[in-house]
Amino acid sequence: MPRIFAYIVHKAGVVDDSAAELVAAAKRIDPAANPTAIVAGSGPELDAVCASLSASYGEVWKIANESLAYPNAELIRQALVKVVPAGSIVLVAHDHFALDLSPGLSIKLNAAYVPDVVEIDGVAGPQLKVVRQEFGGQFSTHVRCDISTGAVINVRPGAFKPTETAPLAGTVVDKSSAIGPLTAKRRYLETVVAEAGDVDITKHAVLVSVGRGIQEKDNIPIAEELAETLGAAVSCSRPVVDAKWLPKSRQVGSSGKTVKPKVYMACGISGSFQHLAGLKGNPFIVAINKNPKAPIFQVADVGIVDDLLEFLPELTNKIREAKQVSV
Amino acid sequence: MEILVCARRVPDTSENEIQLNSAGNDIERDDLVYSINEPDNYAVEEALQLVAKASGNVTVATVGTDDDEEILRREMAMGANQAVLLSDDAFQGSDGKGIATVLKAFVQKNKYDLILTGVQAEDGAAQVGGMLAALLDYPFASLVNSIEVLDGGKLKISREIAGGNKEFSEIDLPCVLSIQTGINEPRYVGMRGIRQVASVEIPTFDASALGVDPATVGDAGAKVKRDDYFVPALGKGAEILAGSREEIADKVIELLKTKGGLK
């Protein structure tokens, strides 16, 4: 069985939640796995990260370098290629950093690459068997990966539940001197925080959220009218922002806002994992979609297979009528 | 600026309800409507805007078959100066590295300052751009949502990172960027535009023309293989409300009252 490494991302000295999930993923590859964490960064923040990781990993490889103070995937790839032994399996959480790092890392390690893995079925001979999703989560696929020269496996955040284990007393191994000089053709400048926008969707208990099924900008008032009768706000999924029908500040998802409403009405939203990643706190989800196979119906509490352009006005009218009766 | 955009033809999920085939090992591909992978369309638009500001040409390439010519023509109707089809039986069954290997061979026969891809295709892999960059030893950035040309062979770019924040970097040319949707508003392509390029000849390059070793690509070279498609069974699934539209609306109102959505 190849040696398993987990590249761990961190921010301001705090280990990402994916660290424990990558241990769980490693154990799906090999129940006896004792994966090694690799972290890169600089200064006391990196030491704090190493100390924290040594409770969940038996060995933590630390790569300290001033030029790694900000996680530049190009530099981190160069460092990893120096330290990761040939034939290893490297696990990475499938996020915006991994999209930069992992494809190129697999090339430089001459290793196979499987992105966004949601389940691992184990190893059979030279092959690792995993499950991925395609078409925005509508279909899953069994994928075989030849790991005879190693593999880089990107694991979907949240897909592997960490197991409760007694804390370890892992050792920290300093690999900083092994990486040599690093040169960047891409240089980090700054991070600009997203604008707050006119409506703060993170503060609302009820969200009427629209996706591609709203079809055109002129239909947005249909959702706004329902939201108004409910005292809710209108949020949306990525395609609606891409089409400039609503501002970015209304987007729910990994590249938008994280919301915790009590009730979430997903209208014409297919339900990609990037969208669902922004939905926390176990809300009551009502999904309205024309496509009975839309992945949103797998996570929703109740589903309505209908055209939202017909259904929402009906619902709005009924709520208005009910209010008049009660007044 | 000479720009190459790598594009792909994919099943159009807004035009089809995609189904599993009766054997349960693939999606049903008969009568499927295909179109350009949507993020690739943003990449072509971005390329067109960049050459309009400076100068240069936009070339669109795809690894595929004769059927894929339709998306190349569409992108030419949008304004791309030329399109090329990289096609060989040996390319069939390629994994991400196989596709990147074919594209690398084409890039090395030409000279491009900038190579763009869409952020991902229907397989959600988001891998070919990063692999191509590594094979060429070019710098790479994913999820790019703004590009500004600087003096001295550099770009200032931003990436869309968690929470919709923008991570700005400077990147040397030549480089490979994967383009996030929403970076621009792709222009409309009418039937007239498509007709105007309907008879333009699209150059095709096969493995020998590209100098690609067939053993390194296609099914033969693939380390990653998809066995089947299946419908995921996640959780209990939603309770699908039945009845007339009016009855369902009444049920939703009752549920909203119970769950705190309606006072």
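Here's a quick rundown of the structure. (Residues numbered from 1 in each chain as written. Chains lettered and ligands numbered in written order. Predicted model: local features only at pLDDT ≥ 70, side-chain atom pairs only at ≥ 80, totals over all residues. Heavy atoms only, no water.)

## A look at the overall build of chain A
Point 1. A tally of regular secondary structure across chain A gives 9 helices and 18 strands.
Point 2. Projecting the C-alpha coordinates of chain A onto the three principal axes gives extents of approximately 75 × 45 × 40 Å.
Point 3. Counting the 327 residues in chain A, one finds 56% classified as buried.
Point 4. Long-range pairs, those at least 24 residues apart, make up 63% of the contacts in chain A between residues at least 6 apart in sequence.
Point 5. Carbon and sulfur atoms make up 53% of the accessible area of chain A, which amounts to about 13000 Å² in all.
Point 6. Taking the 33 positively charged and 34 negatively charged side chains of chain A as two groups, their mean positions are separated by 4 Å. (Helix = DSSP H or I, 4+ residues; strand = E, 2+ residues; numbered from the N terminus. Buried < 20%, exposed > 50% of the residue type's maximum accessible area, 1.4 Å probe, protein only. Contact = heavy atoms within 4.5 Å. Areas by Shrake-Rupley, 256 points an atom, 1.4 Å probe, with all protein chains shown as cover. Lys, Arg positive; Asp, Glu negative; His and termini not counted. Charge placed at Lys NZ, Arg CZ, Asp CG, Glu CD.)

## Thoughts on the sheet that holds strand E15 (residues 233–236) of chain A
Point 1. Across the sheet, which stays open at both edges, the 6 strands sit in the order E15(A)-E14(A)-E16(A)-E17(A)-E18(A)-E13(B) with parallel pairing between neighbours. The open sheet has two edge strands, E15 of chain A together with strand E13 (239–240) of chain B, and neither has a second partner.
Point 2. Summarising the sheet, strand E14 (residues 206–210) of chain A and E15(A) pair through 4 bridges and their orientation is parallel. Residue pairing across strands places A:Val208 opposite A:Val234, the latter belonging to E15(A).
Point 3. Against the sheet, helix H5 (residues 220–230) of chain A contacts E14, E15 and strand E16 (263–267) of chain A, and its axis sits at roughly 170° relative to E14(A).
Point 4. Here helix H8 (residues 245–259) of chain B sits on the sheet in contact with E16, strand E17 (284–289) and strand E18 (302–305) of chain A, set at roughly 150° to E16(A). (Pairing = 2+ DSSP bridges. Axes fitted to C-alpha atoms, helices over the stretch in contact; angles between N-to-C directions.)

## Section: the sheet that holds strand E1 (residues 4–7) of chain A
Residues and elements named next belong to chain A.
Point 1. As summarised here, the arrangement of the 7 strands in space is E7-E11-E6-E1-E4-E5-E12, forming an open sheet in which the pairing is parallel. For this open sheet the edge positions go to strand E7 (112–117) and strand E12 (171–174), each flanked by a neighbour on one side alone. Going across the sheet, the axis of each strand differs from the next one's by a mean of 25°, ignoring polarity.
Point 2. Bridge count between E1 and strand E6 (residues 89–93): 4 bridges; the pairing is parallel. Counterpart to Ile4 in the pairing with E6 is Ile89.
Point 3. Set on the sheet, helix H3 (residues 73–83) makes contact with E1, strand E4 (36–41) and strand E5 (59–64); between it and E5 the angle comes to about 130°.

## Some thoughts on the nonpolar core
Point 1. Counting residues in each nonpolar core, the largest one holds 56 residues, and the members touching the most others are A:Tyr7, A:Ile63, A:Leu80, B:Leu86, B:Phe91 and B:Ile115.
Point 2. In contact with B:Ile115, not counting residues within four places along its chain, are B:Leu4, B:Cys6, B:Val107, B:Leu132, B:Leu136, B:Tyr138, B:Cys175, B:Val176 and B:Leu177. (Core = buried A, V, L, I, M, F, W, Y, C linked by side-chain atoms within 4.5 Å.)

## Topic: the interface of chain B and chain A
Point 1. Counting residues at the interface gives 78 residues for chain B and 78 residues for chain A.
Point 2. Buried area between chain B and chain A, summed over both chains or domains, comes out near 7200 Å², and the portion from carbon and sulfur atoms is 55%.
Point 3. The largest per-residue losses of area from chain B upon contact with chain A belong to B:Lys223, B:Phe230 and B:Arg245, which jointly make up 10% of the total buried on that side.
Point 4. Linking chain B with chain A are 15 salt bridges, by the criterion used here.
Point 5. For B:Asp172, the salt bridge is made with A:Arg187, and the minimal N-O distance between the two is 2.6 Å.
Point 6. Across the chain B-chain A interface, the total number found is 50 residue pairs in polar contact (both at pLDDT 80 or more).
Point 7. Mapped by element, the contributors of at least two residues to the side of chain B that touches chain A are helix H1 (38–53), helix H4 (128–136), strand E7 (140–150), strand E8 (154–160), strand E9 (166–172), strand E12 (224–226), E13 and H8 of chain B.
Point 8. The element contributing the most residues to the side of chain B that touches chain A is H8(B), with 10 residues.
Point 9. For the side of chain B that touches chain A, a count of residues per class yields 34 nonpolar, 18 polar and 26 charged.
Point 10. Judged from the 2 bridges that link them, E18(A) and E13(B) form a sheet pairing that is parallel. Its bridge partner lying in E13(B), A:Val302 is registered against B:Glu239. (Buried area = accessible area lost by both parts, 1.4 Å probe. Salt bridge = Lys/Arg side-chain N within 4 Å of Asp/Glu carboxyl O. Polar contact = N/O pair within 3.5 Å; in protein donor to acceptor, adjacent residues only side chain to side chain. Nonpolar A, V, L, I, M, F, W, Y, C, P; charged D, E, K, R; others polar.)

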